[in-house]
Amino acid sequence: MQSGSGSQFGLWLQDDLAQGWLVAHAQANRPLVCLDLAADARTSLTRMSQVLAQWVKTPGLAALHWVWVGAPEQWPNQWPEESPIFASSDLRFAPMHWPPPLLGIHRCWSKQGLRSVSLTIGLGDPDQLINELMLSADWLMVDTKQASASLAHLSHLVHPLTHWLSVSDDVVKPISVGAVEQTANRTTKPAVDPLLAWTQAQQKAGDQVTASNHRAVVIGAGISGLTMAAVLGARGWTVEVLDSHPPGTNSRHASHLAAALTPVVSGDDNERSQLSRAGALAADRFWAALPTVIGHRCGALQLQRPQTLKRWVDLEAVSEAFAMPQWACWVNAQDASDAAGMTLQRGGLWMPGGWLIQVARLLEVLAQMPGVNVMAGHANRLRRQAGIWQVIDSSAQVLAQAPLVIMANAADTNALLQRSTLWPIDDVGTKFRLTGLHQLAGEVTCLPAQVLGGGPACIVGGDGYVLPAVDGWCVSGGTYVRELSQTQCTPEGRQTNIQRAAALLNMPLLVDRLQTDDLPGWAGFRAVLPGRLPALGPLASAGCEGLWMQTAGASRGLTWSVLGAELVADALEGAPLALQRSLLNHILPGI
């Protein structure tokens, strides 16, 4: 059928062939994943709008995922007015969720009733990003020049029933399956794919759309566990969360007044820098949409450390090499003082994406999200019978059961696997990262805001950190102590945190003014792996199907929590993953 790639593409979608594809996909009860390799972002967004116009008219199509990759400078700051998006005004991307023009893979969502739409954008070198995508496309659109060349480099993004389309200004036509198979057969695949378990989860998503299979148990009611439950619950899952100390007065975080999400930035934008950016953007989008205020985006300063200290880094040089000033930029001492609302003696990196989070309030809100049920109980071991995981306590009673279990139980992860005779894990022939899992104790101290002149207006970090005031207190922290069996606030830790605040805020007399033992605070454990990156994903060993984990957030649990939860939820629902393959490799339980 002769059609154009603009308005004529919409007419082509009304053709019997295209309509038949949509109806057949709806009958298969799977999400529709479209990968558009248009050279121009606006062209792709126009096509998306036209597909959406047909999607809303097709009963049974519950989810649509649209993917485009290209250069950051091609990405518009908002949805183009010439590309009207949804037939319904309720299906719109909120301006705050629109992907920013930063390197990486970005995601925004829209939802109307049981229907959801996602837009996944890869910004960077298109040829490199094609190899980084984690998806299984149902429709794959290439331009005419691409269609006439080898398609082998795309074969990892398709499945046997993928519809390939050649699209140009003059014609839209299917590419023959034979041509696709010939190029796919020439593709060299790795002998061992560490991401195979993720890929298999995405491919099986169509078999797990019934309500009975949309059930999960999360072990651990901390930041990671409750965020995981809330993200799944928002997508229609029923989630039971088990913890010995669930949110409330006896929670481990009951006295945890506030914490910070501060991005990590490196001059070469290494994997920690990229993962941190992905995590911060995901968290920003999620927290801003919560029904109750749990904090606010206040920005963060990372002050330049004196050259006399160990691990000195020239942050101005880092900013220049990083070259994404909208995410992190160097500011001098005056500009840093203006951002903090108080006189500082040093410049540093200004990161507007920093968040102040009221931890106890966040956990309470997450525990009350739709689909989430929090129960008190200790998971002593796991057992799988007939495809169902059972969580069993120390008296051999079944606490909860579901096809899916997600361990978000921090440093107890290894012990639970051992008690369940699931250790050691032969994770597709790779080294199991969790062998290095350990815990570090630490504490933060609450300082009276009036003593700090009201406190900083943003997060001020460097050697430690000081947070903006919450309920008249500014949290200062934090300490790191090895080989403790229990945590508590100590005079030594309190003094260390006061000294750090004095140095950061240029208040040399602060130590003398706060000579008291009755300052409130919070102490707890951090689960840590070498390299300080989390462990996230499914366990790939035989007999572990349906067993996932998210642990080892270290001191950046807020950074990883939403990103990890959304990656797991996307994989379970067959959606594209909003993270590069190479970055996902760094946070697998194996490797």
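It should be emphasised that the depicted structure is a prediction, and the values quoted were computed from it without experimental measurement. (Residues numbered from 1 in each chain as written. Predicted model: local features only at pLDDT ≥ 70, side-chain atom pairs only at ≥ 80, totals over all residues. Heavy atoms only, no water.)

Asker: Describe the sheet that holds strand β20 (residues 404-407), listing the residues and the values that go with them.
Answerer: The sheet built from six strands is open, its strands ordered β16-β9-β8-β20-β27-β26 with mixed pairing. Because the sheet does not close on itself, it has two edges, and the strands there are β16 (372-376) and β26 (535-538). On average, each strand axis in the sheet is tilted by 20° relative to the strand beside it, whichever way the strands run. The pairing of strand β8 (residues 215-219) with β20 spans four bridges and is classified as parallel. Bridge pairing in β20 places I219 opposite M407. Packing of helix α16 (residues 557-572) onto the sheet brings it into contact with β20, β26 and β27 (547-551), and relative to β27 it is tilted by some 165°. (Pairing = 2+ DSSP bridges. Helix = DSSP H or I, 4+ residues; strand = E, 2+ residues; numbered from the N terminus. Axes fitted to C-alpha atoms, helices over the stretch in contact; angles between N-to-C directions. Contact = heavy atoms within 4.5 Å.)

Asker: Could you give an account of helix α10 (residues 315-322), naming the residues involved and the relevant values?
Answerer: Of all the positions in α10, only L315, V318, S319 and F322 are classed as buried. Along the axis of α10, the buried positions cluster into a sector of 100°, meaning they face one direction only. Buried residues in α10 make contact with α9 (271-288), β12 (300-303), β13 (329-331) and β14 (348-351). Measuring from the backbone nitrogen of E316 back to the side-chain oxygen at the start of α10 gives 3.2 Å, which picks out D314 as the cap. (Buried < 20%, exposed > 50% of the residue type's maximum accessible area, 1.4 Å probe, protein only. Arc of directions from axis to C-beta. Polar contact = N/O pair within 3.5 Å; in protein donor to acceptor, adjacent residues only side chain to side chain.)

Asker: Kindly report on the state of the cysteines, identifying the contributing residues and their values.
Answerer: If you walk through the whole model with that rule in mind, you get zero disulfides. In this model C298 remains outside any disulfide bridge; the closest cysteine sulfur is found in C458, 6.5 Å from its own. Classification of C298 as buried rests on a relative accessible area of 12%. (Disulfide = S-S within 2.5 Å.)

Asker: Tell me about α9, and name the residues and values.
Answerer: With 18 residues, α9 ought to run about 26 Å at 1.5 Å a step, and its terminal C-alpha atoms sit 26 Å apart, in line with that. Along α9, 14 of the 18 residues are buried, which leaves the element largely enclosed by surrounding structure. If you check the start of α9, you find a side-chain oxygen 3.2 Å away from the backbone N of R272, and it comes from N270. (Expected span 1.5 Å × (residues − 1).)

Asker: An account of the pairing of β8 is requested, with residue identities and associated values reported.
Answerer: Here is the key point about a regular strand: its side chains alternate between the two faces of the sheet. Within β8, four of the five residues are buried, which leaves it mostly tucked inside the rest of the structure. As judged from the five bridges shared by β8 and strand β9 (residues 238-243), these two strands associate in the parallel manner. By the bridge assignment for β9, R215 is matched with T238. Handedness of the crossover is the feature at issue here: the chain leaves β8, passes through helix α8 (residues 223-234), returns alongside β9, and the resulting connection is right-handed. (Right-handed = clockwise from strand over helix to strand, strands pointing away.)

Asker: Give me the pattern of salt bridges: which residues, what numbers.
Answerer: Counted by the stated rule, this structure contains 10 salt bridges. Note that D36 is salt-bridged to R47, the shortest N-O span being 2.7 Å. You can see D36 sitting in strand β1 (residues 32-36) and its partner R47 sitting in helix α3 (residues 41-55), a full 11 residues away along the chain. Take D36 and R47: they sit in the same class, and that class is buried. The salt bridge partner of E566 is R285, with a shortest N-O separation of 2.4 Å. (Salt bridge = Lys/Arg side-chain N within 4 Å of Asp/Glu carboxyl O.)

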